[in-house]
Amino acid sequence: MESASRGKEDVSLPKATMTKIIKEMLPPDVRVAKDAQDLLVECCVEFINLISSESNEICSKEEKRTIAPEHVLRALEILGFGEYIGEVQAAYEQHRFETLDSPKAGGRWGSKEAVPGGMTEEEAIAAQQRMFAEARARMNSSGGVSASSVQQSGSDLD
């Protein structure tokens, strides 16, 4: 098996994250031995290697260079994890929804309508301009930069 040939230090998952996931799945009065946690982490790494390898094979057979979500779902089916596909698809859809709704992904800024808990593009620009003005005022009051150079650089941003 390919993954067995890799060194243990080649690939791992963040222990703190894994510990948190493990503890969230168990009742509060249940403890997990460190060896058992390590074993669970190794199992997760092996599972990821297995799914990735099968997904890559499916992708290669289709003469594609990028593994897509449908390749991963097909790999789950082929490897005998078909009963989890519904749950995996739901988790993927939730991830996509959260990613598209995040400012980093551009979801909240692309719409002219307000998003619950978010801002319109116009509101974001107004907030940014207010922050620039506050920063200019702080800079001017500290005497670090002349008022004319700050106003000039501020007008360049408009």
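Residues numbered from 1 in each chain as written. Predicted model: local features only at pLDDT ≥ 70, side-chain atom pairs only at ≥ 80, totals over all residues. Heavy atoms only, no water.

**Some words on the overall build of the protein**
Stage number 1. For the protein, the count of helices and strands is 7 helices and 0 strands.
Stage number 2. For the protein, the succession of helices and strands along the chain, N to C, is α-α-α-α-α-α-α.
Stage number 3. With 158 residues in all, the protein has 16% of them scored as buried.
Stage number 4. In the form shown here, the protein has an accessible surface area of approximately 12200 Å², with 57% of it arising from carbon and sulfur atoms. (Helix = DSSP H or I, 4+ residues; strand = E, 2+ residues; numbered from the N terminus. Buried < 20%, exposed > 50% of the residue type's maximum accessible area, 1.4 Å probe, protein only. Areas by Shrake-Rupley, 256 points an atom, 1.4 Å probe, with all protein chains shown as cover.)

**Some words on the confidence of the model for the protein**
Stage number 1. Across the protein, the average pLDDT comes to 78, with 72% of residues at or above 70.
Stage number 2. Mean pLDDT values for the elements of the protein range from 45 in helix 7 (residues 147-157) up to 96 in helix 4 (residues 69-78).
Stage number 3. In the model, residues 1-6 has pLDDT below 50 throughout and makes 4 contacts with residues more than four positions away in sequence or in other chains.
Stage number 4. pLDDT under 50 marks residues 107-116. Its contacts with residues more than four places away, or in other chains, come to 23 contacts. (pLDDT = per-residue confidence, 0-100. Contact = heavy atoms within 4.5 Å.)

**Quick notes on the packing of aromatic side chains**
By convention here, two paired aromatic rings are described through the distance between centres and the angle between planes.
Stage number 1. Here the structure, examined in full by the defined rule, presents 2 aromatic pairs.
Stage number 2. Centroid distance Phe47 to Phe81: 5.2 Å. Interplanar angle 90 degrees. Geometry classified as edge-to-face. With a gap of 34 residues between them, Phe47 in helix 3 (residues 34-61) and Phe81 in the loop between helix 4 and helix 5 (85-100) connect regions that are remote in the sequence.
Stage number 3. Given the relative accessible area of 35%, Phe47 is considered partly exposed.
Stage number 4. Each ring, one from Phe81 and one from Tyr84, has its centre 6.4 Å from the other, and the planes form 45 degrees; the classification is tilted.
Stage number 5. Among the residues examined, Phe81 registers a relative accessible area of 24% and is labelled partly exposed.
Stage number 6. When its relative accessible area of 41% is taken as the criterion, Tyr84 is described as partly exposed.
Stage number 7. One aromatic cluster is present, built from ring pairs that chain together Phe47, Phe81 and Tyr84. (Phe/Tyr/Trp six-rings, centres within 6.5 Å; stacked < 30°, edge-to-face > 60°.)

**Topic: the environment of Ala75**
Stage number 1. Relative to the elements of secondary structure, Ala75 occurs in helix 4.
Stage number 2. You can call Ala75 buried: its relative accessible area is 0%.
Stage number 3. Between the C-alpha atoms of Ala75 and Glu57, which are 18 residues apart in sequence, the distance is 8.8 Å.
Stage number 4. Dropping the residues within four chain positions of it, Ala75 is found in contact with Ile51, Glu54, Ser55 and Ile58.

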